[in-house]
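Structural description and commentary
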Amino acid sequence: MRYRHFLKLFSAGTIALSVLAGPALANPVVVFDLGSGKILQHQDAFKRWYPASLSKLMTAYVTFRAIAAGEVQLDSPIKVTKHSAGEPPSKMGFKPGSVMRLDNALKMMLVKSANDIAMAVGENVGGSQAAFADRMNAEATRLGMNGTHFVNPNGLFSPDQYTTARDLAVLVMAIRREFPQYAPWFSIEGLAVGKKAIPNYNLLIGRYPGADGMKTGFVCPSGFNMIGSATRNGRTLVAVVLGEKSAVTRAETAARLLDQGFDAPAAGSATVTTLAPYGDTVSPNDMQDEVCKKKTPQEQSEAPPVVAKDAPKSPYQKKLDHVPTLVAVGLGGATGPAPKAILDQGAQEYADVPIPSWRPDRPAPAGTGPKIAGSAAQGDQPVKVAN
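Residues numbered from 1 in each chain as written. Predicted model: local features only at pLDDT ≥ 70, side-chain atom pairs only at ≥ 80, totals over all residues. Heavy atoms only, no water.

Every disulfide links exactly two cysteines, by a covalent bond between their sulfur atoms. The full count for this structure, using the stated rule, is one disulfide. The partner cysteine of C220 in its disulfide is C292, sulfur to sulfur 1.9 Å. For the disulfide bridge between C220 and C292, the dihedral angle about the S-S bond is near -90°, and by the sign convention the bridge is left-handed. Of this pair, C220 sits in the loop between β7 (211–219) and β8 (223–232) while C292 sits in helix α9 (residues 288–292), placing them 72 residues apart in sequence. (Disulfide = S-S within 2.5 Å. Helix = DSSP H or I, 4+ residues; strand = E, 2+ residues; numbered from the N terminus.)

Scanning all chains against the criterion turns up nine aromatic pairs. When the centroid spacing of 4.9 Å and the interplanar angle of 85° are considered together, the rings of Y50 and F157 count as edge-to-face. You can see Y50 sitting in the loop between β2 (39–43) and α2 (55–68) and its partner F157 sitting in the loop between α6 (129–143) and α7 (165–178), a full 107 residues away along the chain. By relative accessible area, which is 7% here, Y50 ends up buried. Ring pairing ties together the aromatic residues Y61, F64, F179, Y182 and W185, which thus form one cluster. Across from the ring centre of Y162, 3.8 Å away, lies the NZ or CZ of R48, which sits over that ring. (Phe/Tyr/Trp six-rings, centres within 6.5 Å; stacked < 30°, edge-to-face > 60°. Buried < 20%, exposed > 50% of the residue type's maximum accessible area, 1.4 Å probe, protein only. Lys NZ or Arg CZ within 6 Å of the ring centre and 35° of its normal.)

Low pLDDT marks regions whose predicted coordinates should not be analysed in detail. Here the protein chain averages 84 in pLDDT, while 78% of its residues score no lower than 70. Within the model, the stretch residues 1–23 combines pLDDT values under 50 with 23 contacts to residues more than four positions away or in other chains. Contacts from residues 350–387, a stretch scored under 50 in pLDDT, to residues over four places away or in other chains number 82 contacts. (pLDDT = per-residue confidence, 0-100. Contact = heavy atoms within 4.5 Å.)

Here helix α4 (residues 102–112) crosses helix α5 (residues 115–126) at 140°, and the two axes come no closer than 8 Å. Classified by the interaxial angle, the pair formed by α4 and α5 is oblique. As for how α4 packs across α5, the hand of that crossing is left-handed. Contacts from L102, A105, L106, M108 and M109 in α4 reach I117, A118 and V121 in α5. In terms of residue class, the contact of α4 with α5 is built from eight nonpolar, no polar and no charged. (Axes fitted to C-alpha atoms, helices over the stretch in contact; angles between N-to-C directions. Parallel < 35°, antiparallel > 145°, perpendicular 65-115°, else oblique. Left-handed = near helix turned anticlockwise from the far one by under 90°. Nonpolar A, V, L, I, M, F, W, Y, C, P; charged D, E, K, R; others polar.)

The next point concerns α6. Taking 1.5 Å per residue as the helical rise, α6 with its 15 residues ought to reach 21 Å, and the 21 Å between its terminal C-alpha atoms agrees with that figure. In the core, the buried residues of α6 are packed alongside α2, α5 and α7. The positive-phi residue at the C-terminal boundary of α6 is G144, with phi of around 85°. (Expected span 1.5 Å × (residues − 1).)

Taking 1.5 Å as the rise per residue, α5 with twelve residues should run 16 Å; its terminal C-alpha atoms sit 16 Å apart, in good agreement. Taken across its twelve residues, α5 has twelve buried, putting it largely inside the fold. Three or more residues of α5 are buried, namely N115, D116, I117, A118, M119, A120, V121, G122, E123, N124, V125 and G126.

Moving on, we come to the packing of α2 against α5. Two numbers describe how α2 lies on α5: the axes approach to 11 Å, and their chain directions differ by 35°. For the crossing formed where α2 meets α5, the hand is left-handed. In contact with K56, T59, T63 and A66 of α2, α5 contributes N115, A118, V121 and V125. Of the residues assigned to the contact of α2 with α5, the class counts are four nonpolar, three polar and one charged.

Another point: the pairing of strand β6 (residues 196–199). As paired elements, strand β5 (residues 190–193) and β6 share four bridges and run antiparallel to each other. Residue pairing in the sheet places G190 in a bridge with P199 of β6. Counting the residues in the hairpin turn of β5 and β6 gives two residues, including G194, whose phi is positive at 65°. (Pairing = 2+ DSSP bridges.)

Let's shift gears to the pairing of strand β9 (residues 235–244). In terms of residue burial, β9 counts as a mostly covered element, since ten of its ten residues are buried. Relative to β9, strand β1 (residues 29–33) is paired through five bridges, and the arrangement is antiparallel. Within β9, the residue paired with D33 across the bridge is L237. Pairing analysis gives eight bridges linking β8 to β9, with the strands arranged antiparallel. Bridge assignment links A230 to a residue of β9, and that residue is L237. From the end of β8 to the start of β9, which pair antiparallel, there are two residues, and N233 there has a positive phi angle of about 50°.

Printed below as a string of structure tokens:
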């Protein structure tokens, strides 16, 4: 009797692992059905991991809740502070004092993964980096993300900023279920900032059939992280992939897992919220040497590596087979009320005007203007550009 009971427990505990047959996975993975929450596959789901820019999903979630609470509006001004302007790349490069609409800021944060913009959003919505991090952690606790702790809104490395694949799955479910109105922002193919086109770092978008989100992340200690989602025939699956070796392999892994998920019938009873913790949940994994030691700057980037013209390419290294639709974003247009957190702290107000460009009849002196010239565009304004 005890032997039969053991077999029953063992079968229930491993069914999610066996549903999707395929090559062994090296790092944390969770694949689940967004509608039912059922887990199709998981490995090291509770392993502590550095989130990198996947942290920006919590930044977005906290901001969405602030909008719903009336603390801020989509057209509220987000000012670039000296602190946020000093964050390292990936970044937009706007100067301190620049002001943009909140919705434009969120799109730049999610598509470009701009660290300066994420910090600006956090400082404006929360009042300060520390106060916003407190809100991130409060939401994580409320959602049951028990293996997660945040320090900053952009995901730049801190040993005290960590999460798990399972916790990220919980966050994705909260975002997609509570705020479906923002779902299109996670599938934007690229941004148009002035005359510059900025593609989405999520290489599934526009390439994988049905891809509709959500976010990528990279710092050397975390490796290349990704949350990829896709919808086919009304069924949405999400793959959380942590610790891959490159931007291309993380896209390939996510695509393979999604393919397996769509080919498999829903099975098993474990869900994202009911999966019991297992394995080592406290020791962080550091991929610094494995991913970045003796690697070129190009290899230490989310940008897909450049390969020889005649060399075989992954489907996720190739250009899109269509002219991408870009959403225009930039400075200006912030006519809504200032975030309450900023007003409560009596922070300095800046005029809501775009940063002026240098006179076209004279050469611009070195160091003037933002690194990327902002436009006065706002809202969802699709723009077709050459790929």
